[in-house]
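# Structural characterization, general
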Amino acid sequence: MVRVPRIYKHAIWGSRTTFILAATGSAVGLGNIWKFPYIAGENGGGAFVLMYVFFVCLIGIPIMAAEILLGRRGRANPITAMKKIIHESGNSSIWRLISWAGVLAGFLILSYYSVIAGWALEYVSTALQGGFTDLDGGAAKIAFNNLLADKATLVKWQTVFLAITTLVIIFGVNKGIEVAVRILMPLLFILLITLMVYSAYIGDFAAGASFLFSFRFSDLSFQGAALALGHAFFTLSLGMGAIMAYGSYMPHKTSIIKTAFIVALLDTLVALVAGLAIFPIVFATPGIEPTEGPGLMFISLPVVFGAMPFGLIFGAAFFTLVTLAAWSSTISLLEPAVAYLVERFHFHRLSANLLIASMAWLLGLGSVMSFNDWADFKPFFGMTFFEFIDFITASVLLPLGGLFIAIYVGWFMSLKAVRKELSLDSSVLFKTWFNVLRYVSPVLVLAVLVVSLYGKFAG
Ligand code: PHE
């Protein structure tokens, strides 16, 4: 009997809206709801927000457009797509490293992201059981530390999280991801806006808004700039395979630059609205500070929820929102590697999924242990395993990936191919984008990267 090889047909999103929902789903995640408010809180509020918006415009949008372009031009998973484009443009195969590093970064992020996202699931269940009622700061801290010490619970939620991610990816691009984001994203927007309105109603909206938007020059720092840059990459899911993979499913008749702009705008709006949902109630609760740090969401907010009217529902809704946002991000972290195994080695989607997800699960155990048994084990430049993987991905691999994507598309890829993919964008838009991508983005990324690495290791 002759074995007919499985012919793989690369999927296309049903419409441009689906691409926007999927890419926004990837972009909006723990970065927006957990990280953004606390790093803005620690770094001067308005000053940080301003730098962040500056980087999104001059680096985020141009590089996102470049990534979508690479994906759509290659019409394949990131690794195969880069191979095809390099061949078409006649470049050295060294450029393929960009896509390898990207897929690796996605996998590494998935391993710890699913652990942290699991905490949100635990908090949904705690909120529903009335666990936040009349909680004070000290008790909230103890509850959080108890969770971190409880390996079995951490692993349980990490497993659930990876399982729901796998569940979506198994059904493929159109029946899995597309259906999921069409339900998840509208739900997420509705929840977020309801939370913000309620928070404005019962909290100190003016204090919250002024904290996020009033800006003092003295608050600007290199350290803050480096964080804002790293965060711009992380929150827009740039510098790795996610946006490239999603771009490869984008319909032809869609303008790339405009779409990148919409996704970045939505992502930034979600971060700001999340801040506006969190800070007014933080300011209205005595003894809780906006500069709390990573514990802002898991320690301060439960106290706030426990003290406010309808806090049980509000708290459960908030952590459900975080879960949904993280879910639509992990989907995009898993997809590139799965698509690669399916397209390159003809894996069945199910087996590719199970393989990558179990590997991410295993590696994630290292992050789980970083919060308990290995908390004092810091062989990685004084960092725990979790901190090290977070640092390598968010502060090194993503900015480096972005830098090389900008240099490749701006200077090395065939201009004819670039122009063809962007033919729907007006020539003014094209020229502006191209010049920013060639001259501004790489210089800025490099400068901030050097300063931040220097600050980390020599400072
Ligand atoms: N953008 C996501 C967030 O802000 C994280 C992410 C990074 C997702 C890279 C995919 C790729 O939480």
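Residues numbered from 1 in each chain as written. Predicted model: local features only at pLDDT ≥ 70, side-chain atom pairs only at ≥ 80, totals over all residues. Heavy atoms only, no water.

## Some words on the overall build of the protein chain
Rules: Helix and strand assignments follow DSSP, with helices taken as H or I runs no shorter than four residues and strands as E runs no shorter than two, numbered in order from the N terminus. Computation of the radius of gyration draws on C-alpha atoms, with the globule rule given as 2.2 Å multiplied by the number of residues to the power 0.38. The buried label applies to any residue whose accessible area, calculated with a 1.4 Å probe on protein chains only, is under 20% of its type's maximum; exposed applies above 50%, and partly exposed to all values in between. Contacts are assigned to residue pairs that have any heavy atoms within 4.5 Å of one another. Each accessible area is a Shrake-Rupley result for a 1.4 Å probe, and residues are judged covered by the shown protein chains and nothing else. The charge count includes Lys and Arg as positive and Asp and Glu as negative, but it does not include His or the ends of the chains. By convention, the charge on Lys lies at NZ, on Arg at CZ, on Asp at CG and on Glu at CD.
Counting its secondary structure elements, the protein chain contains 18 helices and 0 strands. For 459 residues, the compact-globule estimate of 2.2 N^0.38 gives 23 Å, and the C-alpha radius of gyration of the protein chain, at 21 Å, lies within 12% of that figure. For the protein chain, the C-alpha atoms occupy an extent of roughly 65 × 60 × 45 Å along the three principal directions. With 459 residues in all, the protein chain has 59% of them scored as buried. Counting only contacts in the protein chain whose residues sit at least 6 apart along the sequence, the fraction spanning at least 24 positions is 83%. Surface exposure of the protein chain reaches about 18,400 Å², of which carbon and sulfur atoms provide 70%. Seen as two clouds, the 28 positive and the 21 negative side-chain charges of the protein chain have centres 19 Å apart.

## Quick word on the site of the ligand
Rules: Residues are counted as near a molecule or strand when any one of their heavy atoms sits within 4 Å of it. Polar contacts, as counted here, are pairs of nitrogen or oxygen atoms within 3.5 Å of one another; within protein the pair requires one atom able to donate a hydrogen and one able to accept it, and residues that are adjacent in sequence qualify only if both atoms are side-chain atoms.
The full set close to the ligand counts 14 residues, and Ala27, Gly31, Tyr113, Phe234 and Ser237 are the nearest of them. In the model, an oxygen atom of the ligand is placed 3.1 Å from a nitrogen or oxygen of the Leu30 main chain. Backbone polar atom of Gly31 to an oxygen atom of the ligand: 2.8 Å apart, as the coordinates give it. For the ligand, whose free accessible area comes to 320 Å², the fraction covered by protein is 100%.

## Things to note about the pattern of salt bridges
Put simply, the test is: Criterion for a salt bridge: a side-chain nitrogen of Lys or Arg within 4 Å of a carboxyl oxygen of Asp or Glu.
By the definition in use, this model includes 6 salt bridges. Of the charged contacts, one joins Lys35 and Asp390 as a salt bridge, the two residues approaching to 3.9 Å between their closest N and O atoms. On the criterion of sequence distance, the pair formed by Lys35 in helix α2 (residues 30-42) and Asp390 in helix α16 (residues 385-412) is long-range, its members being 355 residues apart. For the residue pair Lys35 and Asp390, the accessibility class agrees, reading buried in each case.

## Here's the deal with a nonpolar patch on the surface
The criterion, for reference: Only residues above 30% relative accessible area that lack a salt bridge enter a patch, with like-charged residues linked at up to 9 Å and the nonpolar side chains Val, Leu, Ile, Met, Phe, Trp and Tyr linked at up to 5 Å.
On the surface, Leu50, Phe215, Phe217 and Leu220 cluster together into a nonpolar patch covering about 400 Å² of accessible area. In this fold, Phe217 is placed in the loop between α9 (205-213) and α10 (222-235).

## With respect to the packing of helix α3 (residues 46-74) against helix α18 (residues 427-457)
The criterion, for reference: Axis angles are defined between N-to-C directions and span 0 to 180 degrees, where every axis is a line fitted to C-alpha atoms and, for a helix, only to the segment in contact. What makes a crossing left-handed is the near helix being turned counterclockwise from the far one by less than a right angle; a clockwise turn instead makes it right-handed. Classification convention: Asp, Glu, Lys, Arg as charged; Ala, Val, Leu, Ile, Met, Phe, Trp, Tyr, Cys, Pro as nonpolar; all other residues, Gly among them, as polar.
Running from N to C, α3 and α18 point in directions that differ by 120°, and their axes come no closer than 9 Å. When the axes of α3 and α18 are compared, the crossing they make is left-handed. Between α3, through Phe54, Phe55, Leu58, Ile59, Pro62, Ile63, Ala65, Ala66 and Leu69, and α18, the contact on the second element is made entirely by Trp433, Val436, Leu437, Val440, Ser441, Leu444, Val445 and Val448. Here the contact of α3 with α18 is composed, by residue class, of 16 nonpolar, 1 polar and no charged.

## Describing the environment of Ser367
As for its placement among the helices and strands, Ser367 is situated in helix α15 (residues 349-370). For the pair formed by Ser367 and Lys431, sequence separation is 64 residues and the distance between their alpha carbons is 44 Å. Those residues in contact with Ser367, other than ones at most four positions away along the chain, are Tyr112, Val115, Phe385 and Phe386.

## Notes on the packing of aromatic side chains
Selection rule: Paired rings are identified among Phe, Tyr and Trp, the last through its six-membered ring, by centres lying within 6.5 Å, and are further divided according to the angle between planes into stacked (under 30 degrees), edge-to-face (over 60) and tilted (the rest). Both a distance and an angle decide whether a charge sits over a ring: NZ of Lys or CZ of Arg must be within 6 Å of the ring centre and within 35 degrees of the ring normal.
A complete count under the given rule lists 40 aromatic pairs for this structure. For the ring pair Phe318 and Phe319, a centre distance of 5.2 Å and an interplane angle of 90° mean the geometry is edge-to-face. The burial state of Phe318 is the same as that of Phe319; both residues are buried. Taking 5.5 Å as the distance between ring centres and 85° as the angle between the ring planes, the aromatic pair formed by Trp411 and Tyr439 counts as edge-to-face. Taken together, the positions of Trp411 in helix α16 and Tyr439 in helix α18 put the pair 28 residues apart, joining distant regions of the chain. With relative accessibility at 41%, the residue Trp411 sits in the partly exposed group. The class of Tyr439 is partly exposed, set by a relative accessible area of 45%. The ring of Phe234 is capped by Lys35, whose NZ or CZ atom sits 4.3 Å from the centre of that ring. The ring centre of Trp411 lies 3.9 Å from the NZ or CZ of Arg438, which sits over that ring.

In short, shape yes, function no, at least from these values alone.
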